[in-house]
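# Overview (structure and organization)
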Amino acid sequence: MIVSGEITLPAPREKVFEVLQNAPFFASCVEGVHDLKEIDATHYDAMLETKVAYMSFTFKVSVEVTRLAPPERLEAKIEGTPLGVVGRFTALSTTDLVDAGNDTLVRYSIDANLTGKLGSMGQPVLKSKAREMEKKFAERMRAAFAGAPPGAAP
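This write-up is about the structure you can find in this document.

So, how was this worked out
Residues numbered from 1 in each chain as written. Predicted model: local features only at pLDDT ≥ 70, side-chain atom pairs only at ≥ 80, totals over all residues. Heavy atoms only, no water. Pairing = 2+ DSSP bridges. Helix = DSSP H or I, 4+ residues; strand = E, 2+ residues; numbered from the N terminus. Axes fitted to C-alpha atoms, helices over the stretch in contact; angles between N-to-C directions. Contact = heavy atoms within 4.5 Å. Buried < 20%, exposed > 50% of the residue type's maximum accessible area, 1.4 Å probe, protein only.

### Things to note about the sheet that holds strand 6 (residues 87–100)
With respect to topology, 7 strands assemble into an open sheet ordered 1-7-6-5-4-3-2, the strand pairing being antiparallel. Only two strands of the sheet have a single neighbouring strand rather than two, namely strand 1 (2–9) and strand 2 (33–40). Mean inter-strand twist for the sheet, computed between neighbouring axes without regard to direction, equals 25°. Contacts from helix 1 (residues 13–20) reach strand 1, strand 4 (55–69), strand 5 (73–82), strand 6 and strand 7 (103–115) within the one sheet, and its direction differs from that of strand 6 by about 160°.

### Notes on helix 1
Within helix 1, 6 of the 8 residues are buried, which leaves it mostly tucked inside the rest of the structure. Burial in helix 1 covers these residues: Arg 13, Lys 15, Val 16, Phe 17, Val 19 and Leu 20.

### Concerning the pairing of strand 5
Burial along strand 5 is one-sided: Leu 74, Ala 76, Ile 78, Gly 80 and Pro 82 are buried, and none of Arg 73, Glu 75, Lys 77, Glu 79 and Thr 81, which face the opposite way, are. In this sheet, strand 5 lies alongside strand 4 in antiparallel orientation, the contact comprising 10 bridges. When the bridges of strand 5 are listed, Val 63 appears paired with Ile 78. Hairpin connection, strand 4 to strand 5: the antiparallel pair is bridged by 3 residues. With 8 bridges joining them, strand 5 and strand 6 adopt antiparallel strand pairing.

So yeah, pure geometry; function would need other evidence.
If you want it as structure tokens, here you go:
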């Protein structure tokens, strides 16, 4: 399942890149993420709680930042295991930053695969949940950047 889209943020590309590398800030924009732990500069563990259709899931998630090309590209690999349910979640995330005048266009693509009980729920249900999470993430990012004074971290 591929989820992709764009967000325009009111900040220069270098600033957006710097902020997106800040794992605690990034995690705070993703609904349901908590207990983020930095293993090293490119590896993180966290918990993700979400509800899909009528079922609630808690995942133990590991993130590896696989490529940083400042100030234009970030790539990461995400792996998650739901607690109490057989299955697995894997995803590859690519984020490209493009100058758009005084703003930055953030283009992202997430190629996610789900196995086990979660994977059996069907693409339309999972795609709907992914779009819901994406919308909330974009709202939080825009709000953070809109509220930040020029030159300050959101």
